[in-house]
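Observations on the model geometry
Okay, here's what each chain looks like letter by letter:
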Amino acid sequence: MSVYPEAAKRLLTFINASPTPFHAVQNAAIRLEAAGFNKIRETDDWDLQPRGKYYYTRNQTCLIAFTTPSNWRPGMGVSIVATHVDSPNLRVRPVSKKNNLGYLQVGIETYGGGIWHSWFDRDLSLAGRVIVVQRDGTFRSKLVKIDRPLLRIPSLAIHLDRNVNDSFKFNQESEFTPIFGLVETELNDVKVQGTPASNGQVKHHPALLLVLSEELSVAPEEIHDFELHLYDTQPSVLGGVSNEFIFSPRLDNQFSSYCAVEAIATYAENPSFREFVGNVNCVALFNHEEIGSVSTTGAESSLIPSLLQRLSPEPALYSQSVSRSFIVSADMGHAVHPNYSSKHEENHRPIINGGMVIKTNAKQRYASDAISTFLFRKLVERRGGKVQEFEVRNDMACGSTVGPMLSKIGLRTVDVGSAMLSMHSIRETGGSHDVQHAIDAFSSFFDGFAGLDGDLSID
């Protein structure tokens, strides 16, 4: 019997509509506004009130959303679910125009630590943001998503590389450039040749600018700049004999980001929200986790310190707020692989659809400790959920995420995630039932953290 979890279905819709961080932030904002959240801006003065629902973005690539309880006042704690919306991918270079042996090619740069061989022979397209001039002479950043295959990185035929199945290696600069078309096609295209010359045509193929202009309903010469990402046009789907799997791009970490947004939106839509007494509840969707988080929109930016300071402007109240706050750092975890089980420590082998994974590392690559793990476990159990444990082998390096860098502020932190396979591949595998598991865990955190924290004594 096939099962089709409703929460997983909504996640598929979110991922398929979000090929870039720009789109993920936009779609998160749409969900929040549907739940009654009001957009505020960092440049404005904030008139915050009890029972408030607020969100803001920075540079179209990160988002902070928070609610204030009925008894809100400065100095209160903040309960934060922190995730990231970027994933390893390929990005169009500032000067991308390449021609080689009759092929139009597009210069790209790798972003993050991708499993790059998985990008060969995929039907790729483009998405991102484009700066266009408007009729009144002002400029606007508009999102774009081309829904048809445009590019491909073709493999070399096995007849020309007989050892490919023994050792597939390639040069990321010279052997990893996608094809976009044929030179003769561009030369014979009346639309392309009729396009007025612009500075953009020096840096990019006129055919590329034409595709963007047609999608945005602007003239090619009205395009002044852009940031474009390559993405796989094959949609995110359910799979497995009973639809227990999700086969998808960008599960790391749009999975956690979607679940965090859904949890706070659902919590804020509940009629009991107006009577809620507890912490300020917050979700933070960061950018640039895959390259170290050091940017204006990453976890090491001013985003969280600035939020805490604006909620509690006085130094003493700020310190009180930090001591009362807590972060659930939610990033995907490594499920045990049936073909490579030796890569996991034998007592720490999370499984897909087995519930939330608590990630621990004595060297603090993860920020979990006994206190934060206890609190999170109890909150999950309140919703009837289960937790799993992950700790890396001693003979392997441990990854990291946003938790440790946010904990430096002084915030108690637990690192958690949902188990998945093929992390950083162009097609990853997660669990369809783990979507609801994560939403339930975050919802319990928002509902019950302050009360549970008050019941815990630490000498």
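Quick summary incoming for the structure in this document. Along each chain, numbering runs from 1 in the same order as the chain's sequence is written. At least 70 in pLDDT is required for a residue's local features to be given in this predicted model, at least 80 for side-chain atom pairs to be given and counted, and no such filter applies to totals for whole chains, interfaces and linings, which use all residues. By convention in this description, side-chain values take in all heavy atoms of the structure and omit both hydrogens and water.

1. Comments concerning the sheet that holds strand β16 (residues 356–359)
- Strand order in the open sheet formed by 9 strands is β1-β2-β3-β13-β4-β14-β18-β16-β17, and the pairing between neighbours is mixed. The two strands at the open ends of the sheet, each matched to only one other strand, are β1 (38–39) and β17 (387–390).
- Pairing of strand β14 (residues 326–330) with strand β18 (residues 412–417), which is carried by 5 bridges, proceeds in the parallel orientation. Among the inter-strand pairings, I327 is bridged to a residue of β18, identified as T413. A pair of strands counts as paired when DSSP detects no fewer than two bridges linking them. Strands are runs of DSSP state E lasting at least two residues, helices are runs of H or I lasting at least four, and both sets are numbered from the N terminus onward.

2. What about unusual backbone geometry?
- Residue N253 follows D252 across a cis peptide bond; omega there is 15°.
- Tracing the backbone shows N253 in helix α7 (residues 251–269).
- Its identity is not glycine, yet N243 carries a phi of approximately 55°, on the positive side.
- Here N243 shows up in the loop between β11 (237–239) and β12 (245–248).

3. What about helix α10 (residues 370–382)?
- In this model α10 runs 18 Å from its N-terminal to its C-terminal C-alpha over 13 residues, within 8% of the 18 Å that 1.5 Å per residue would give.
- A 1.4 Å probe rolled over the protein chains alone gives each residue an accessible area, and that area as a share of the maximum for its type sets the label: buried under 20%, exposed over 50%, partly exposed in between. The set of residues buried in α10 consists of S372, T373, L375, F376, L379 and V380. Buried residues in α10, looked at end-on, bunch into an arc of 165°, giving them a common side.
- Contacts from the buried residues of α10 go to β14, β16, β17, β18 and α12 (434–454).
- For α10, the N-terminal capping position is held by D369, with its side-chain oxygen 3.2 Å away from the main-chain nitrogen of I371.
- Two residues or fewer after α10 comes G384, characterised by a positive phi angle close to 80°. Under the convention used throughout, the expected extent of a helix is 1.5 Å for every residue step, that is, one less than its residue count. Arc definition: directions from the helix axis to the C-beta atoms. Contact definition: two residues touch when any of their heavy atoms are within 4.5 Å. Contacts described as polar in this section are N or O atom pairs within 3.5 Å, which, within protein, must combine one atom able to donate a hydrogen with one able to accept it, while residues neighboring in sequence count only if both atoms come from side chains.

4. Quick look at a nonpolar patch on the surface
- Residues enter patches when their relative accessible area tops 30% and they take part in no salt bridge; the joining distance is 9 Å for like charges and 5 Å for the nonpolar side chains Val, Leu, Ile, Met, Phe, Trp and Tyr. With residues, only the protein chains shown are counted as cover, and all accessible areas are computed by Shrake-Rupley using a 1.4 Å probe. By definition here, a salt bridge exists when the distance from a side-chain nitrogen of Lys or Arg to a carboxyl oxygen of Asp or Glu is within 4 Å. Nonpolar side chains collect at one region of the surface, where L101, Y103 and L182 lie side by side and expose about 340 Å² of accessible area between them.
- Its location among the elements puts L182 in strand β9 (residues 179–182).

5. Focus: α12
- Along its 21 residues, α12 runs 29 Å from first to last C-alpha, staying within 8% of the 30 Å computed at 1.5 Å per residue.
- Its maximal kink placed at G448, α12 deviates by approximately 60°. Given a residue, its bend is the angle between the two axes fitted to the seven residues that end at it and to the seven that start from it.

6. Comments concerning the pattern of salt bridges
- All told, the structure shown has 15 salt bridges when counted by the stated rule.
- Between R10 and E262 there is a salt bridge whose closest N-O contact spans 3.9 Å. Taken together, the residues R10 in helix α1 (residues 6–16) and E262 in helix α7 connect sequence positions 252 residues apart.
- By relative accessible area, which is 7% here, E262 ends up buried.
- The closest approach of N and O atoms between R152 and D123, which form a salt bridge, is 2.4 Å. Of the two residues, R152 is situated in the loop between β8 (139–145) and β9 and D123 in the loop between β6 (103–111) and β7 (124–133); the sequence distance between them amounts to 29 residues.
- Relative accessible area serves as the criterion here: at 37%, D123 is assigned to the partly exposed category.

7. Some words on the environment of D440
- Tracing the backbone shows D440 in helix α12.
- Separated by 180 residues in the primary sequence, D440 and A260 place their C-alpha atoms 9.7 Å from one another.

8. Brief notes about the sheet that holds β12
- One open sheet holds the 3 strands; their spatial order is β11-β12-β20, and the pairing between them is antiparallel. In this open sheet, the two strands that pair with only one neighbour each are β11 and β20 (428–431). Going across the sheet, the axis of each strand differs from the next one's by a mean of 35°, ignoring polarity.
- Running over the sheet, α1 touches β11 and β12 and is turned about 5° from β12.
- Here an angle of 0 to 180 degrees is reported between the N-to-C directions of two axes, which are lines fitted to C-alpha atoms, with helices fitted over the stretch in contact. This element, α7, spans β12 and β20 of the sheet and lies at about 30° to β20.

9. Some remarks on the pairing of β18
- Of all 6 residues in β18, 5 are buried, a share of seventy percent or more.
- With 3 bridges joining them, β16 and β18 adopt antiparallel strand pairing. The partner of I358 across the bridge, within β18, is V416.

10. A word on the nonpolar core
- Counting residues in each nonpolar core, the largest one holds 58 residues, and the members touching the most others are V435 and F442.
- The leading source of residues in this core is α7, at 11 residues.
- Those residues in contact with F442, other than ones at most four positions away along the chain, are V81, S256, C259, A260, A263, V328, A330 and M356.
- In these notes, a set of buried Ala, Val, Leu, Ile, Met, Phe, Trp, Tyr and Cys residues joined through side-chain atoms within 4.5 Å is what counts as a nonpolar core. Residues L104, I153, L209 and L228 belong to the second largest nonpolar core, which totals 31 residues.

11. Remarks on the layout of surface pockets
- Residues are called lining when one of their atoms sits within 4 Å of a cavity or pocket point, these points coming from a 1 Å grid over the protein atoms alone, where a cavity is a set in which a 1.4 Å probe fits but cannot get out and a pocket is an open set with protein on both sides within 12 Å along at least five of seven lines. Grid points are joined across faces, edges and corners, and a volume is the space filled by probe spheres set on the points. Space inside the largest pocket adds up to approximately 660 Å³.
- As for the largest pocket, its lining consists of 25 residues, of which H334, H344, F390, M396 and M423 are closest to the centre.
- In the lining of the largest pocket, the residues fall into 12 nonpolar, 7 polar and 6 charged.
- As for the second largest pocket, its lining consists of 21 residues, of which P154, L156, S174, E175 and F176 are closest to the centre.
- Ranked by residue count, the leading element in the lining of the second largest pocket is strand β5 (residues 89–100), at 3 residues.
- Any residue that is not Ala, Val, Leu, Ile, Met, Phe, Trp, Tyr, Cys, Pro, Asp, Glu, Lys or Arg is counted as polar, Gly included; the first ten are nonpolar and the last four charged. Residues that form the lining of the second largest pocket fall into these classes: 11 nonpolar, 6 polar and 4 charged.

12. Considerations on the pairing of strand β2 (residues 53–58)
- Of all 6 residues making up β2, 5 are buried, and the element is well covered by its neighbours.
- Of the pairings in the sheet, the one linking β1 to β2 comprises 2 bridges and is parallel in character. Opposite N38, over in β2, you have Y54 as the bridge partner.
- Relative to strand β3 (residues 62–67), β2 is paired through 6 bridges, and the arrangement is antiparallel. In the sheet register, T57 faces β3, and the bridge partner there is L63.
- With antiparallel pairing between neighbouring strands as the criterion, β2 and β3 make up a hairpin whose turn holds 3 residues, including N59 at a positive phi of roughly 60°.

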